[in-house]
Amino acid sequence: MSVITSNLLDETFVRLQEAGRTAFIPFITVGDPDPDTTVDIIVALEQAGADIVELGVPYSDPLADGPVIQRASERALVRKITIETCFKVAGEARARGVNMPFVLFTYYNPVLQMGLEQFFSSMQQAGISGLIIPDLPVEESGEVLALADATGVRLVPLVAPTSEDRIAVILSKARGFIYCVSSLGVTGERATFHEGLESFIKSVKELSDLPVAIGFGISSAEQVREFSKICDGVVVGSAIVRKIEESIPLLQNEHTKEEGLLQIHDFVRLLKS
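Keep in mind that this is a model prediction, so the values were computed, not measured.

Help me understand the sheet that holds strand S1 (residues 23-29), please; the structure alone is not making it clear to me.
Sheets are built from strands paired through backbone hydrogen bonds, the pairs being either parallel or antiparallel. With respect to topology, nine strands assemble into an open sheet ordered S5-S4-S3-S2-S1-S9-S8-S7-S6, the strand pairing being parallel. Because the sheet does not close on itself, it has two edges, and the strands there are strand S5 (154-155) and strand S6 (158-159). In the sheet, strand S3 (residues 102-105) pairs with strand S4 (residues 130-132) via three bridges, with the strands oriented parallel. The residue bridging Phe-105 from the neighbouring strand is Ile-132, located in S4. Sitting on the sheet, helix H4 (residues 83-95) touches strand S2 (53-56) and S3, and the angle it makes with S3 is about 170 degrees.

See the structure below:
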């Protein structure tokens, strides 16, 4: 299968690199607190300056996620949010005029349950540019990668400081960008990161020409600013999901919903600044 070359994710990184800017990439859990509000949040994120957004598919056993994102998944699953819901939300956000690339973050089981061909067809229809599957080893990714390439979806790998001698193999299959994990363990807000992180990122950049983004634990404007000096993209997840969690009482009241969305908007703008 041939690789489809045109992709909004690739174009966005090229544009940002030409402008000397680092991509700011929020992560949110789709369906938290409900699908319609997720669409509103995506709109608010782009208005706040987000360049790319990770759309997390809620999952009952999220091995890579810390307590904040686990709680968000639990709230979404109570509402019976599925991977199909995530595609619908992405499509509705596009209909609302959102232009930034979407990257779907999902565990492999929902993909298998849907069926690979149907999954990638739905990805195309929803306008999703990238895919992260944290529990899919590179050694077992051949079929997924072939279908991703054939449909123009970029299969983005996670690379950790502990990947060591597997890094070259992982990067040889990378598409879109490389997601470097800043800390060992699960996601969550942190004050300190893995020792030797800067040299790890440097070694990744020496092995690939793809943009390098960093995530897991980044939660403050200062951290975003520091990592922006050495990476092409910075992912913020738990801090934003926590802000959404704190704003739920406002978001679920029609009289205060705009105030809740504004709080999320302002928080993201502050992080990016």
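Moving on from the coordinates now.
In this structure, what is going on with unusual backbone geometry? I would like to understand it.
Excluding glycine, residues mostly have negative phi values, and the peptide bonds linking residues are mostly trans. Residue Pro-33 is reached from Asp-32 by a cis peptide bond, and omega for that bond is 10 degrees. Looking at the secondary structure, you find Pro-33 in the loop between S1 and helix H2 (35-47). Here Lys-80, not a glycine, exhibits a phi torsion of approximately 60 degrees, which is positive. By the secondary structure assignment, Lys-80 is in the loop between helix H3 (67-78) and H4. A relative accessible area of 68% means that Lys-80 is categorised as exposed.

Even after reading the chapter, I still don't get the packing of aromatic side chains, so can you show me in this structure?
Remark: the centre distance and the inter-plane angle together describe each pair of aromatic rings, the angle taken between the planes. Under the criterion given, the structure shown has seven aromatic pairs. Plain terms: the ring middles of Phe-27 and Phe-105 are 5.7 Å apart, the flat faces sit at 85 degrees to each other, and that makes the pair edge-to-face. Highlighted residues: Phe-27 in strand S1 and Phe-105 in strand S3, separated in sequence by 78 residues. Neither residue differs from the other here; Phe-27 and Phe-105 are each classed as buried. Ring centres of Tyr-179 and Phe-216 lie 5.9 Å apart, and the angle between their planes is 85 degrees; this geometry places the pair in the edge-to-face category. With Tyr-179 in strand S7 (residues 178-181) and Phe-216 in the loop between strand S8 (212-215) and helix H10 (221-228), this pair connects stretches of sequence that are 37 residues apart. Each member of the pair, Tyr-179 together with Phe-216, is buried. Ring pairing ties together the aromatic residues Phe-27, Tyr-59, Phe-105 and Tyr-107, which thus form one cluster. The ring of Phe-102 is capped by Arg-94, whose NZ or CZ atom sits 3.9 Å from the centre of that ring.

Procedures and definitions
Every residue gets a number counted from 1 within its own chain, in the order that chain's sequence is written. Residues qualify for local features only when their pLDDT is at least 70, as the model is predicted, and side-chain atom pairs are given and counted only at 80 or more; totals for whole chains, interfaces and linings, by contrast, use all residues. To obtain the side-chain values, all non-hydrogen atoms of the structure were included, while hydrogens and water were left out. When DSSP locates at least two bridges between a pair of strands, those strands are taken to pair. Comment: elements are numbered from the N terminus, with helices defined as DSSP H or I runs of at least four residues and strands as E runs of at least two. We call two residues contacting when some pair of their heavy atoms lies within 4.5 Å. Here an axis means a line fitted to C-alpha atoms, over the contact stretch when the element is a helix, while the angle between two N-to-C directions is reported on a 0 to 180 degree scale. Here's how the labels work: a residue is buried when its accessible area is under 20% of the maximum for its type, exposed when over 50%, partly exposed in between, all with a 1.4 Å probe on protein chains only. For Phe, Tyr and Trp, rings pair up if their centres lie within 6.5 Å, where Trp contributes its six-membered ring, and each pair is then called stacked (planes under 30 degrees apart), edge-to-face (over 60) or tilted (otherwise). Criterion for a charge above a ring: Arg CZ or Lys NZ at most 6 Å from the ring centre, at most 35 degrees from the ring normal.

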